[in-house]
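Observations on the three-dimensional arrangement
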Amino acid sequence: MSIKLMNASGCHCTTLKELLELSRQPLCSTIVSKSCTLYPRCGNSHPRYYNNENVSINSTGLANEGFFFYLSMVPIFEKIKKKYIISIADLENLDKIIIMLNNYSQHMNFEINIEINLSCPNIIGKGQVGYNFAEVAKLLKKVFAKVNLDNINVGLKLPPYFDVDHFNKMSKILRKFPLSHITCINSLGNGFVFKDNFQKAIVPNGGYGGIGGAVIKPIALANARRFRLLLKDTDIEVIGCGGVVDGRDVLEYKICGINTVQIGTELYKYGPSIFNNLDREYKYELTQYKVQYGDHLV
Ligand code: DHB
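What counts, and at which threshold
- Residues numbered from 1 in each chain as written.
- Predicted model: local features only at pLDDT ≥ 70, side-chain atom pairs only at ≥ 80, totals over all residues.
- Heavy atoms only, no water.
- Helix = DSSP H or I, 4+ residues; strand = E, 2+ residues; numbered from the N terminus.
- Buried < 20%, exposed > 50% of the residue type's maximum accessible area, 1.4 Å probe, protein only.
- Contact = heavy atoms within 4.5 Å.
- Areas by Shrake-Rupley, 256 points an atom, 1.4 Å probe, with all protein chains shown as cover.
- Lys, Arg positive; Asp, Glu negative; His and termini not counted.
- Charge placed at Lys NZ, Arg CZ, Asp CG, Glu CD.
- Pairing = 2+ DSSP bridges.
- Axes fitted to C-alpha atoms, helices over the stretch in contact; angles between N-to-C directions.
- Left-handed = near helix turned anticlockwise from the far one by under 90°.
- Nonpolar A, V, L, I, M, F, W, Y, C, P; charged D, E, K, R; others polar.
- 1 Å grid on protein atoms, 1.4 Å probe; cavity = no way out; pocket = protein on both sides within 12 Å on 5 of 7 lines; lining within 4 Å.
- Points joined across faces, edges and corners; volume = space filled by probe spheres on them.
- Patch = residues over 30% accessible without salt bridge, like charges linked within 9 Å, V, L, I, M, F, W, Y side chains within 5 Å.
- Salt bridge = Lys/Arg side-chain N within 4 Å of Asp/Glu carboxyl O.
- Arc of directions from axis to C-beta.
- Polar contact = N/O pair within 3.5 Å; in protein donor to acceptor, adjacent residues only side chain to side chain.
- Phe/Tyr/Trp six-rings, centres within 6.5 Å; stacked < 30°, edge-to-face > 60°.
- Lys NZ or Arg CZ within 6 Å of the ring centre and 35° of its normal.

1. Structural notes on the overall build of the protein chain
Tallying secondary structure elements over the protein chain gives 10 helices and 12 strands in all. Overall size of the protein chain, expressed as C-alpha extent along the three principal axes, is 50 × 50 × 40 Å. Across the 298 residues in the protein chain, those meeting the buried criterion constitute 55%. Restricting the contact set of the protein chain to residue pairs at least 6 apart, pairs at least 24 apart contribute 74%. Accessible area of the protein chain: about 13800 Å², with a carbon and sulfur share of 53%. Distance from the positive charge centre (34 side chains) to the negative charge centre (26 side chains) of the protein chain: 3 Å.

2. So, the sheet that holds strand β4 (residues 56-58)
Overall, antiparallel pairing links the four strands, which are arranged β3-β4-β10-β9 in an open sheet. Strands with a single pairing partner mark the edges of an open sheet, and in this sheet they are β3 (49-51) and β9 (188-192). Sheet twist, expressed as the average angle between the axes of neighbouring strands with direction ignored, equals 35°.

3. Digging into the environment of Val250
Here Val250 lies in helix α8 (residues 247-255). The spatial distance from the C-alpha of Val250 to the C-alpha of Glu266 is 13 Å, given a sequence separation of 16 residues. Excluding residues within four positions of it along the chain, Val250 makes contact with Ile3, Leu5, Val244, Leu278 and Tyr282.

4. Thoughts on the packing of α8 against helix α10 (residues 274-293)
Between α8 and α10, whose axes approach to 7 Å, the crossing angle comes to 60°. Both α8 and α10 take part in a crossing whose hand is right-handed. Touching Gly247, Arg248, Val250, Leu251, Lys254 and Ile255 of α8 are Leu278, Glu281, Tyr282, Glu285, Leu286 and Tyr289, all from α10. Residues that form the contact of α8 with α10 fall into these classes: seven nonpolar, one polar and four charged.

5. Section: the layout of surface pockets
Within this model, the largest pocket holds a volume of roughly 800 Å³. Counting residues per element, the ones that place at least two in the lining of the largest pocket are β4, β10 (208-212), β12 (260-263) and α9 (265-270). Estimated volume of the second largest pocket: approximately 600 Å³. Ala89, Asp90, Leu91, Glu92 and Val129 are the residues nearest the centre of the second largest pocket, which is lined by 26 residues in total. Among the secondary structure elements, those contributing two or more residues to the lining of the second largest pocket are α4 (94-108) and α5 (133-146). Ranked by residues supplied to the lining of the second largest pocket, first place goes to α5 with six residues. The residue makeup of the lining of the second largest pocket, split by class, is 11 nonpolar, six polar and nine charged.

6. Some remarks on a nonpolar patch on the surface
On the surface, Phe192, Phe194, Phe198 and Tyr208 cluster together to form a nonpolar patch covering roughly 460 Å² of accessible area. By the secondary structure assignment, Tyr208 is in strand β10. Note on Tyr208: relative accessible area 41%, which makes it partly exposed.

7. Quick look at helix α6 (residues 164-174)
One turn of the α-helix equals 3.6 residues, which is why residues spaced by three or four share an orientation. Buried within α6 we find Phe167, Met170, Ser171, Ile173 and Leu174. End-on, the buried residues of α6 take up no more than an arc of 155°, which puts them together on one face. Lining the buried residues of α6 we find α5, β7 (152-158), β8 (181-184) and α7 (217-230).

8. Comments concerning the side chain of Asn186
Following the sequence through the fold, Asn186 ends up in the loop between β8 and β9. Owing to a relative accessible area of 10%, Asn186 belongs among the buried residues under this scheme. Within the structure, the side chain of Asn186 is placed 2.8 Å from the side chain of Ser119, a separation counted as a polar contact. Excluding anything up to four places from it in sequence, Asn186 contacts Asn117, Ser119, Cys120, Lys157, Leu158, Pro159 and Pro160.

9. A look at the packing of aromatic side chains
A complete count under the given rule lists 14 aromatic pairs for this structure. Ring centres 6.3 Å apart and planes at 70° place the aromatic pair Phe194 and Phe198 in the edge-to-face group. A residue is classified by how much of its surface remains accessible, and Phe198, at 65% relative accessible area, is exposed. Three or more aromatic residues link up through ring pairs in this structure, and these residues are Tyr131, Phe133, Tyr161, Phe167 and Phe227. Looking at Arg226, its charged tip hangs above the ring of Phe167, at a distance of 5.5 Å from the centre.

10. Remarks on unusual backbone geometry
The linkage connecting His46 with the following residue, Pro47, adopts the cis geometry, with an omega of -5°. With respect to the helices, strands and loops of the structure, Pro47 is situated in the loop between β2 (30-32) and β3. Note that the residue after Cys184, namely Ile185, is joined by a cis bond; omega there is 15°. Examined against the element boundaries, Ile185 turns out to sit in the loop between β8 and β9. One non-glycine residue, His12, lies in the positive phi region at around 60°. Here His12 shows up in the loop between β1 (4-7) and α1 (16-23). Given the relative accessible area of 18%, His12 is considered buried. We note that Phe198 has phi near 65°; this positive angle belongs to a residue other than glycine. Along the polypeptide, Phe198 turns up in the loop between β9 and β10.

Geometric values such as these leave the question of function open.
Here it is in structure tokens:
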């Protein structure tokens, strides 16, 4: 009944320093990079992140060190035997990125894990591809026609869905492809938060940004749980992400059949020591659960 904890993309995973700090956390089982573009980006103007006890909002604008930097981290994680996933948001340059990944993995003889981010809500003028089912199907067809599956595992970061029909449609598409995993969910796009003084919490994009933190847990759990059930007979792992504040939250994901849970807002708030706390709390909650309900997780 063990659970794997990891960071959520965007949290403590942009710079070399942050990635190395995560790599030193034994209880951070896997590390996913900041969603990257082919070339580095400075991102949006500050303040672009805000959180209080219930909610976070961000419009980072894909500030990242560029694909080559995140690729160059592969041998480092390979050496310490830590699973590492490169998150890629640059759909316009995906063809080029896949060619480079194919070449790199062949020459280095490394297995590479990537996650294609279909759900960045903060690129002004661009919708989230994950909400356009025809586009998703087209993109996956193209990706899987090109990518060298012997050496590269391909997962997806999905936006939150709210309609049963959308879950069914999306699962029908996903099950056609040999995906390694899906991460459910990305932040809730285009939310708005006031600070105590009624100023908007972040500056870019008129104050609108991706919502995370405790408030998104019911949506995140619903998405992870539904996809887990809909994809039960496939090899696609469902990674849970959203609203984890304490060990009880981690247990709730586990009860939904989720074996890997990502930590975003709380990692941002407290830094990598959060993994120790959550692991300890999860173990306590699991013991209490077993006393009350027995060994069986529903
Ligand atoms: C950003 C935000 C996201 O939620 C995401 O998935 C990718 C990038 C950003 O603003 O940088």
